[in-house]
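What the coordinates show
One-letter residues, chain by chain:
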There are 2 protein chains.
Amino acid sequence: MLEAAAELIARDGIGGLRYDQVAELAEVNKTSVYRNWPDRNALIADALATFGADVAPLHDSGDIDADLVDFLEALAAATASPQGRALLTVVASARENPELRAVVDEVYERRLGTLDDRLKIAIERGELPPVETSFVAEMLAGPVQLFVTRGARTFTRADAARVTGVVLAGIRATHRT
Amino acid sequence: MLEAAAELIARDGIGGLRYDQVAELAEVNKTSVYRNWPDRNALIADALATFGADVAPLHDSGDIDADLVDFLEALAAATASPQGRALLTVVASARENPELRAVVDEVYERRLGTLDDRLKIAIERGELPPVETSFVAEMLAGPVQLFVTRGARTFTRADAARVTGVVLAGIRATHRT
């Protein structure tokens, strides 16, 4: 049911999410959906909740450049999934809705936490100059999101390497240790 | 009516756009909305159509770095407007709808055209190494979109300078003439 809800949000936005369509797509009775999620925002929140840090893990191989390329490749695949696209539609309309905003913030916080830990290690090791994690996150994830939502073609490993290369070279050139 | 439609799309997504709500918000009769836009996709398209290159002009002062900072600042303001946020919700759900996709593509093409012209001049002058315009567009606009949709705070001129600084330094370091 949560997968079905995510797919419908991705297609129609949150305003278009209807319980009867969730039931039809998930091949369950409409009353099952109502019983599990009497609150509409709770249904939206749960449909997005599993979409956290785990979808794009960030390893420590000792090479921050290579690890970020892996991360961006996984992030692009996750963003292109129905759940990822559902999250993007919710993000775009979450401003006016404090409950949804809390869900969106939580998903981003989890992902930012992973990136923050790994970047701090890289800074300690002298692989990167001191830099705000949230800024690096925007510089890396922003182009990936734009690329995936435009959807002209698949985001490849070469794209991940190119984005990472420009951002890290730019940060090294403009931020001093 | 188009402003009202854009506001409602920004709030609820395209699935939630209802003619009676457009009429109410625009303070017109519902039949006026139906008469002008018997086709729902045409209403969505027109609500976004004015949102093109004109909202974020790109001048030629002779200094590509400064001109791009101006451009990003204007782009952030435009993206934060109801029309800009409506565009983002439509982009996120345009994959499954060829008509909407055409509208979205047109808005992006117009904006990319402006950037393309200006970047080509900068490359000719040796201010930038040869680089694909669409890649630069993603690197600059991606972080702005992510920043604005998260909506934690306003995107300032200092933010525009920081993003432009990292992207251009990164491109100069990784692309050779």
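For clarity, every value in this text was computed on a predicted model and none was experimentally measured.

1. Observations concerning the interface of chain B and chain A
On the side of chain A, 47 residues touch chain B, which itself brings 48 residues to the contact. Across the interface of chain B and chain A, roughly 3,900 Å² is buried in total on both sides, 61% from carbon and sulfur atoms. Along the contact surface separating chain B from chain A lie four salt bridges. Across the pair Arg 150 of chain A and Asp 105 of chain B runs a salt bridge, and its minimum N-O distance is 3.0 Å. Inspection of the region where chain B meets chain A yields four residue pairs in polar contact (both at pLDDT 80 or more). Elements that contribute at least two residues to the side of chain B that touches chain A include exactly α1 (2-12), α6 (82-93), α7 (98-124), α8 (133-150) and α9 (157-174) of chain B. The leading source of residues in the side of chain B that touches chain A is α8 of chain B, at 13 residues. Among the residues making up the side of chain B that touches chain A, the classes are represented as 23 nonpolar, 13 polar and twelve charged.

2. Overview of the UniProt feature "DNA-binding region" (unreviewed entry) in chain A
Using the residue numbers shown here, the UniProt feature "DNA-binding region" (unreviewed entry) corresponds to residues 18-37 of chain A. Within residues 18-37 of chain A, the helical portion is 75% and the strand portion 0%, while the C-alpha atoms at the span's ends are 12 Å from each other.

3. Digging into helix α4 (residues 40-49) of chain A
Where α4 of chain A is concerned, the buried positions are Asn 41, Leu 43, Ile 44, Ala 45, Ala 47 and Leu 48 of chain A. Where α4 of chain A begins, the side chain of Asp 39 of chain A points an oxygen toward the backbone nitrogen of Asn 41 of chain A, at a separation of 3.4 Å.

4. A few points about the packing of aromatic side chains
Counting across every chain of the model gives four aromatic pairs over all chains. Ring centres of Tyr 19 of chain A and Tyr 34 of chain A lie 4.3 Å apart, and the angle between their planes is 15°; this geometry places the pair in the stacked category. Of this pair, Tyr 19 of chain A sits in helix α2 (residues 19-26) while Tyr 34 of chain A sits in helix α3 (residues 30-36), placing them 15 residues apart in sequence. You can call Tyr 34 of chain A partly exposed: its relative accessible area is 42%. For the ring pair Phe 147 of chain B and Phe 155 of chain B, a centre distance of 5.2 Å and an interplane angle of 80° mean the geometry is edge-to-face.

Criteria and cut-off values
- Residues numbered from 1 in each chain as written.
- Chains lettered and ligands numbered in written order.
- Predicted model: local features only at pLDDT ≥ 70, side-chain atom pairs only at ≥ 80, totals over all residues.
- Heavy atoms only, no water.
- Contact = heavy atoms within 4.5 Å.
- Buried area = accessible area lost by both parts, 1.4 Å probe.
- Salt bridge = Lys/Arg side-chain N within 4 Å of Asp/Glu carboxyl O.
- Polar contact = N/O pair within 3.5 Å; in protein donor to acceptor, adjacent residues only side chain to side chain.
- Helix = DSSP H or I, 4+ residues; strand = E, 2+ residues; numbered from the N terminus.
- Nonpolar A, V, L, I, M, F, W, Y, C, P; charged D, E, K, R; others polar.
- UniProt positions renumbered as here; feature names shortened; annotations may be inferred.
- Buried < 20%, exposed > 50% of the residue type's maximum accessible area, 1.4 Å probe, protein only.
- Phe/Tyr/Trp six-rings, centres within 6.5 Å; stacked < 30°, edge-to-face > 60°.

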